[in-house]
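Here is how the chains run, residue by residue.
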Amino acid sequence: KIAEYISNSDLLSDNVENLLSFLLGQMELPIEIEFPDDLVWKGAEGKEELIALFTTAEKIVSIMNSDGEFNFTHEAIDELADTIVESKILMANIDNLLTYILEETGVAEGFDFIIPEDIDWETEDGKDEFKSLLSAVGIILESGLLEDGDFSNLTDGSDDPEDDMI
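A quick note: this is a predicted structure, and the numbers were derived from the prediction, not measured.

What counts, and where the lines are drawn
Residues numbered from 1 in each chain as written. Predicted model: local features only at pLDDT ≥ 70, side-chain atom pairs only at ≥ 80, totals over all residues. Heavy atoms only, no water. Core = buried A, V, L, I, M, F, W, Y, C linked by side-chain atoms within 4.5 Å. Buried < 20%, exposed > 50% of the residue type's maximum accessible area, 1.4 Å probe, protein only. Helix = DSSP H or I, 4+ residues; strand = E, 2+ residues; numbered from the N terminus. Contact = heavy atoms within 4.5 Å. Salt bridge = Lys/Arg side-chain N within 4 Å of Asp/Glu carboxyl O. Patch = residues over 30% accessible without salt bridge, like charges linked within 9 Å, V, L, I, M, F, W, Y side chains within 5 Å. Areas by Shrake-Rupley, 256 points an atom, 1.4 Å probe, with all protein chains shown as cover.

Caption draft 1: Focus on the nonpolar core. Ranked by size, the top nonpolar core spans 35 residues in total, and within it Trp41, Ile84, Ile94, Leu98 and Phe130 carry the most contacts. Elements with a minimum of two residues in this core: helix H1 (2-8), helix H2 (10-27), helix H3 (43-62), helix H4 (74-84), helix H5 (88-92), helix H6 (94-105) and helix H7 (124-143). Residues in contact with Ile84, not counting those within four places in the same chain, are Thr56, Leu90, Met91, Ile94, Leu97 and Phe130.

Dropping the structure here:
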């Protein structure tokens, strides 16, 4: 309901970017968030953006433990990716977000992970690319592949490949 009230109020929607900037500054995020110039906070479009942001925030909080560290599982990352791609703000900042996720999880440790500049993250192809990347990260983390390098952790030994993480 809060997204609807904000997006239906001229006063609130005109000030939501300043409020979010203030709140993000207070949170001391490890990444910089920039607001796209064409962002709309009013009406249905504004409501969709706010819902995407609030839902993503809820997903992030749900995978964070009491020490402020993330409990990344394949399922949690898939759910997080599904909400992130719905936000214009987050997709506009995806390079910073991906760099942070890859560094925080250790998935890209030991090599340079290069994110091509020509990917348009806001297209369906870009969103699919992001979801695929995050899903792969989720499987790597859930299987413990970084810790022990045992590729047999990707399979449960069944004959059904749909049951495996391969």
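Caption draft 2: The arrangement of the pattern of salt bridges in detail. Inspection of every chain in the model, using the stated rule, returns six salt bridges. Glu45 is paired through a salt bridge with Lys88; the nearest N and O atoms lie 2.5 Å apart. Placement of the pair is Glu45 in helix H3 and Lys88 in helix H5, with a sequence separation of 43 residues. For Glu45, a relative accessible area of 35% corresponds to the partly exposed category. For Lys88, a relative accessible area of 33% corresponds to the partly exposed category. Several salt bridges share partner residues, and in doing so they unite Asp10, Asp14 and Lys42 into one network.

Caption draft 3: Main features of a nonpolar patch on the surface. Among the surface-exposed residues, Ile2, Tyr5 and Phe54 lie close enough to one another that they form a single nonpolar patch of about 310 Å² accessible area. Within the element layout of this structure, Tyr5 appears in helix H1.

Caption draft 4: Highlighting the environment of Leu134. Turning to its location among the elements, Leu134 is positioned in helix H7. For the pair formed by Leu134 and Ala81, sequence separation is 53 residues and the distance between their alpha carbons is 6.7 Å. In this view, Leu134 contacts Ile77, Ala81, Leu98 and Ile101; residues no more than four positions away in its chain are not counted.

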